[in-house]
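One-letter residues, chain by chain:
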Amino acid sequence: QKRLLSLASCDDPEAEIQAQLVLAEQLTLEVTAAAETSKELERELRPLRNNVKRLEAEALKCLEAKDAAAAAVSALDRVQYRNFYLPEKRYTIALGNFVYVSKNPGVKPSKKSKAPARMLDTYHVIQVEQLFVDVDGKRKVGGVLLREPKDTFQTPTQMFYPNELAMTEVYDEWLLQDCAGRCFVLDPEVYKIGRPVGCRSEADVYIGCHTYNTVTQDWTLEFDRRAQTSTQAGAFDLFLEPKTLVKVPSVYRKNVETESASTPGSASGKKKQEQASRAQKSPGPSAAATPVSAKAGAAGSAAGSAAATPRSASAKRKGSKGKQAVDGSVILQKKKDRLNKKLLELLEVIRLQPVPDTAVNRGLMTDTVDISYILHHGATKRAVKSRQSLT
């Protein structure tokens, strides 16, 4: 360095250039040595890094094993029971029962609060799978949650019973004080024939025949019950006559039909508008309408008056259905007039054609059948009327 400084301090430019070249060579050698040193350090650090990763994986396994051991100890600390008796509410909860649990656990309802109109508005329905006392000495209930079809995803073509509940895979635990009473979820065939002993209210009886997966949103036609309802004598009260069950359409279908009916451009909306306009433009019943025959005309007019009388009476009582009754009578009278016109045309054609005077033809001309029943909506075929002549 002294030599380079002495060369750099002289006034000779060649000597200064020579000094700079020597410094550049020295720096190049130092950089090369540093690169080789870093490579050697990298080779030495590689196994150390592998060891660190292995130690991290072992530490993670140890933590998982510790958590599993803690869960196992907690499960062992739980005291399992087959049933719990609630003396303050005077009922027993057993494994497999269906009970109401609060949607707001831990919140006690005030004494002044009124009972809900529907229990499902305030409570969930679960099927009990575990009854235990935890480490803190609290009695708890563990079970699988049931849901109403309206709280799930469904297609417009699906049909459900009005009081149906669907089983899910959601499991949770509640304190025993959050339970609000027992309920019953029956198979449709069992629901028809009777009720279990201990059923206090019809509102606490539901139908279960579907299972709903909250993750995949799939429906299956099965209901996984832990305990089946016994229909043996002494545990089940039979009805005198079985009930009939009727399914209702999906809530999505009702929404679609409401939207289509309210849309002016939809097919159903146009149809309803056309029916309303026709009913407004159509005249009242014609007083000079020609009957098919004296007896048929009397039967038709009597049926028309009989059909119009209850409708007008119901219109006075209900108000909103008055227009529908008037429209129905107008449409019925129009059908009568159109049928009379067609029959008169056919009779005129038959009258103009020559008919041989034979006993068979005379019998055909005298034997007539009253077909006025087809004028009435929903009527079935009546018995053959007595013989009468159309001439």
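We now turn to the structure provided with this report. The numbers attached to residues start from 1 for each chain and follow its sequence in the written order. Side-chain atom pairs in this predicted model are given and counted only at pLDDT of 80 or more, local residue features only at pLDDT of at least 70, and totals for whole chains, interfaces and linings cover all residues. Heavy atoms throughout the structure, all of them, feed into the side-chain values; hydrogens and water do not.

## Considering the overall build of the chain
Okay, so step 1: Secondary structure summary: the chain contains nine helices and 14 strands in total.
Okay, so step 2: Whether a residue is buried, partly exposed or exposed follows from its accessible area with a 1.4 Å probe, protein chains only, as a fraction of its type maximum: under 20%, in between, or over 50%, in that order. Looking at the chain residue by residue over its 391 residues, the buried ones come to 25%.
Okay, so step 3: Of the contacts formed within the chain by residues at least 6 apart in sequence, a portion of 63% connects residues at least 24 apart.
Okay, so step 4: Residue burial considers only the protein chains on display, and all accessible areas are found by Shrake-Rupley using a 1.4 Å probe. Carbon and sulfur atoms make up 57% of the accessible area of the chain, which totals about 27800 Å². In this description a helix means any DSSP run of H or I spanning at least four residues, a strand means any run of E spanning at least two, and both kinds are numbered starting from the N terminus. In what follows, a contact means two residues having at least one pair of non-hydrogen atoms within 4.5 Å.

## Here's the deal with the packing of aromatic side chains
Okay, so step 1: By convention, a stacked pair of Phe, Tyr or Trp rings (six-membered ring in the case of Trp) has centres within 6.5 Å and planes under 30 degrees apart, an edge-to-face pair has planes over 60 apart, and any other such pair is tilted. Overall, the coordinates contain five aromatic pairs when judged by the stated rule.
Okay, so step 2: Put simply, the rings of F160, Y212 and W219 pair up and form one aromatic cluster.
Okay, so step 3: Over the ring of F84 we find R139; its NZ or CZ atom is 5.1 Å from the centre of that ring.
Okay, so step 4: Either the NZ atom of lysine or the CZ atom of arginine qualifies as a charge over a ring when it sits within 6 Å of the ring centre and within 35 degrees of the ring normal. We note R195 situated over the ring of Y191; from NZ or CZ to the ring centre the distance is 4.0 Å.

## Thoughts on the pairing of strand β9 (residues 179-186)
Okay, so step 1: Of all the eight residues making up β9, six are buried; the element is thus mostly covered by neighbouring parts of the structure.
Okay, so step 2: Relative to strand β11 (residues 205-212), β9 runs parallel, the two sharing three bridges. Bridging across to β11, V185 finds its partner in Y206. The pairing criterion is simple: DSSP has to find at least two bridges between the two strands.

## Let's talk about the nonpolar core
Okay, so step 1: Grouped together as the largest cluster of nonpolar side chains are 15 residues, with contacts concentrated most on I93, I126, V141, L176 and C179.
Okay, so step 2: Residue assignment for this core shows that the elements contributing at least two residues are β2 (83-86), β3 (91-94), β4 (98-102), β5 (123-133) and β6 (139-147).
Okay, so step 3: Ranked by residues supplied to this core, first place goes to β5 with four residues.
Okay, so step 4: In contact with I93, not counting residues within four places along its chain, are R82, N83, F84, L86, V99, V128, L131, L176 and C179.
Okay, so step 5: Of all hydrophobic cores here, the second largest spans 13 residues; its members include F98, L120, Y123 and Y206. Working definition of a nonpolar core: buried Ala, Val, Leu, Ile, Met, Phe, Trp, Tyr and Cys residues. They are joined through side-chain atoms within 4.5 Å.

## Quick word on the environment of G143
Okay, so step 1: If you trace the backbone, G143 turns up in strand β6.
Okay, so step 2: Separated by 31 residues in sequence, G143 and W174 place their C-alpha atoms 8.5 Å apart.
Okay, so step 3: Ignoring sequence-local partners within four residues, the contact set of G143 consists of I126, Q127, V128, E129, V170, Y171, D172 and W174.

## Let's talk about a positive patch on the surface
Okay, so step 1: To count toward a patch, a residue needs a relative accessible area over 30% and no salt bridge; like charges are then connected within 9 Å, while nonpolar side chains (Val, Leu, Ile, Met, Phe, Trp, Tyr) are connected within 5 Å. The rule for a salt bridge is simple: a side-chain nitrogen of Lys or Arg has to be within 4 Å of a carboxyl oxygen of Asp or Glu. When charges are counted, Lys and Arg contribute as positive and Asp and Glu as negative, whereas His and the chain ends are disregarded. By convention, the charge on Lys lies at NZ, on Arg at CZ, on Asp at CG and on Glu at CD. A cluster of like positive charges, contributed by K334, K335, R338, K341 and K342, occupies part of the molecular surface.
Okay, so step 2: Along the chain, the position of R338 falls in helix α8 (residues 322-352).

## A closer look at the side chain of D204
Okay, so step 1: Mapped onto the elements, D204 comes out in the loop between β10 (194-196) and β11.
Okay, so step 2: Buried charge without a salt bridge: D204, with R200 as the nearest opposite-charge side chain at an N-O distance of 7.7 Å.
Okay, so step 3: A distance of 2.9 Å separates a polar atom in the side chain of D204 from a polar atom in the side chain of Y100. Here a polar contact means two N or O atoms within 3.5 Å. Within protein one must be a hydrogen donor candidate and the other an acceptor candidate, and residues neighboring in sequence count only if both atoms are side-chain atoms.

## Comments concerning a nonpolar patch on the surface
Okay, so step 1: A surface patch of nonpolar side chains, amounting to about 240 Å² of accessible area, comprises F153, V251 and Y252.
Okay, so step 2: If you trace the backbone, V251 turns up in helix α5 (residues 251-262).

## Thoughts on the pattern of salt bridges
Okay, so step 1: Across all of its chains, the model carries eight salt bridges by this definition.
Okay, so step 2: We note a salt bridge from K140 to D134, for which the minimum N-O separation is 3.7 Å.
Okay, so step 3: Among the residues examined, D134 registers a relative accessible area of 14% and is labelled buried.
Okay, so step 4: Taking the shortest distance from any N to any O, the salt bridge between R195 and E202 comes out at 2.5 Å.

## Considerations on unusual backbone geometry
Okay, so step 1: Phi at Q217 is positive, roughly 60 degrees, even though this residue is not glycine.
Okay, so step 2: Relative to the helices and strands, Q217 resides in the loop between β11 and β12 (219-220).
Okay, so step 3: Assessed through its relative accessible area of 39%, Q217 is described here as partly exposed.

## Brief notes about the environment of T155
Okay, so step 1: Looking at where T155 falls in the secondary structure, it is placed in the loop between β6 and β7 (159-160).
Okay, so step 2: With 96 residues separating them along the chain, T155 and V251 place their C-alpha atoms 8.9 Å apart.

## With respect to the pairing of β5
Okay, so step 1: Here β5 lies mainly inside the structure; eight of its 11 residues are buried.
Okay, so step 2: Connecting β5 to the antiparallel partner β6 that follows it, the hairpin turn spans five residues, and G137 within it adopts a positive phi of roughly 85 degrees.

## Structural notes on the side chain of T152
Okay, so step 1: Position of T152 among the secondary structure elements: in the loop between β6 and β7.
Okay, so step 2: With relative accessibility at 5%, the residue T152 sits in the buried group.
Okay, so step 3: A distance of 2.7 Å separates the side chain of T152 from the backbone oxygen of P149, its partner in a polar contact.
Okay, so step 4: For T152, the residues in contact, after removing those within four places along its chain, are R147, Y212, W219 and Y252.

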